[in-house]
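Fold and geometry: a report
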Amino acid sequence: MNIVCIGAHPDDAEFYAGGAMILWSRLGHRVTAVSLTNGDAGHQSDPPALLAGRRAEEAREAARRGGYQAITMDAHDGELMPTLEMRREVVRLIRRLEADVVLTHRACDYHPDHRYTAVLVQDAAFMVTVPHVCPDTPALRSNPVFLYMMDAFAGTTPFRADLAVAVDAVLDEKWALLDAMPSQFYEWLPWLEGRLDEVSPTGDGAARLKWLAEFYGPVLAEMSGALRDALPRIHRGKADSIHWAEYFEICPFGRRPSEAELSLLCISDT
């Protein structure tokens, strides 16, 4: 299958679905991580022009480590809007990649770029099959399956876990994806939390990786732990052997996945 993970920033796909992307790639699926913005606002000191290039290179390095491909688009970080022109760009992108499965954020996310990424992908969900929309790029004959990546935002629409990918076997490789993005995971996000002084020096790779897992592990554990009750339903008889999982919700737009597709996506034995 052609699996396209569309995030708002160059690190969203890796953080929320990195383990699944690694596993799907290893199974022979063509996986692409897309960022709709160039991430040029996400740093405490790097100027935007420098940061945009840096983050695009980090996304490429993460993709090299994970065995998938990365595309970083040009919208400014923090300024993404669900315009008609941007919708057309998303339609063209999904068509060019001949997507069978598209992953994205939910529209109830905390970050405006995440919310508007969700709106853009949802608005494209039917239009990718309409030949007279963006006729310069051939329409898809089969509508993709659209999935939401896991999040911690309950509100009036709690996340519903329809799929779970066990990532225990590739957890170290997932941390390696985040390690490939130092501007975010060793600089910007620790600075936001007031913990930049905890990060080990650049030359000490093992210590940095250890710190990374200790810093971000609890965030992912809390998010996925809240969804763990779904494991017995999704992976009957195997739930007790799964510790780390990434969860996905079937979007009401697009095509409903077949049982065969669900079995290809829902990995438990790795």
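A short tour of the structure in this document, coming up. Position labels on residues start from 1 in each chain and follow its written sequence. Residues qualify for local features only when their pLDDT is at least 70, as the model is predicted, and side-chain atom pairs are given and counted only at 80 or more; totals for whole chains, interfaces and linings, by contrast, use all residues. Excluded from the side-chain calculations are hydrogens and water; all other atoms, namely the structure's heavy atoms, are used.

Here the axes come from fitting lines to C-alpha atoms, over the contacting stretch only for helices, and the angles between their N-to-C directions go from 0 to 180 degrees. Where helices and strands are cited, they refer to DSSP runs of H or I of at least four residues and of E of at least two residues respectively, numbered from the N terminus. Running from N to C, helix 6 (residues 182–192) and helix 7 (residues 205–225) cross one another at 60 degrees; their axes reach a closest spacing of 12 Å. Compared by their axis directions, helix 6 and helix 7 come out oblique. Here the hand of the crossing between helix 6 and helix 7 comes out left-handed. Residues Pro-182, Gln-184, Phe-185, Tyr-186, Leu-189 and Pro-190 of helix 6 pack against Arg-208, Leu-209, Trp-211, Leu-212, Phe-215 and Tyr-216 of helix 7. Note that Gly is not counted as nonpolar here; it falls among the polar residues with everything else outside the nonpolar set of Ala, Val, Leu, Ile, Met, Phe, Trp, Tyr, Cys and Pro and the charged set of Asp, Glu, Lys and Arg. For the contact of helix 6 with helix 7, the class distribution of residues is 10 nonpolar, one polar and one charged. For classification purposes, angles smaller than 35 degrees are called roughly parallel, those larger than 145 roughly antiparallel, those between 65 and 115 roughly perpendicular, and all remaining angles oblique. Take the far helix as the reference: if the near one is turned anticlockwise from it by less than a right angle, the crossing is left-handed, and if turned clockwise, right-handed. Residue contacts are defined here by distance: any two heavy atoms, one from each residue, within 4.5 Å place the two residues in contact.

Okay, the pattern of salt bridges next. The rule for a salt bridge is simple: a side-chain nitrogen of Lys or Arg has to be within 4 Å of a carboxyl oxygen of Asp or Glu. For the structure on display, the rule yields 21 salt bridges. Across the salt bridge formed by Arg-54 and Asp-46, the nearest N and O atoms sit 2.7 Å from each other. Judged by relative accessible area, which is 18%, Asp-46 ranks as buried. In this structure, Arg-160 and Glu-249 form a salt bridge, with 3.6 Å as the shortest nitrogen-oxygen distance. Here Arg-160 is found in the loop between strand 5 (145–149) and strand 6 (163–166), whereas its partner Glu-249 is found in strand 7 (residues 245–254), with 89 residues between them in sequence. Taking the relative accessible area as the measure of exposure, Glu-249 reaches 8% and is therefore buried. One network of salt bridges, in which partners are shared, links Glu-85, Arg-88, Glu-89, Arg-92 and Asp-136. Using a 1.4 Å probe on the protein chains alone, a residue whose accessible area is under 20% of its type maximum counts as buried, one over 50% counts as exposed, and one in between counts as partly exposed.

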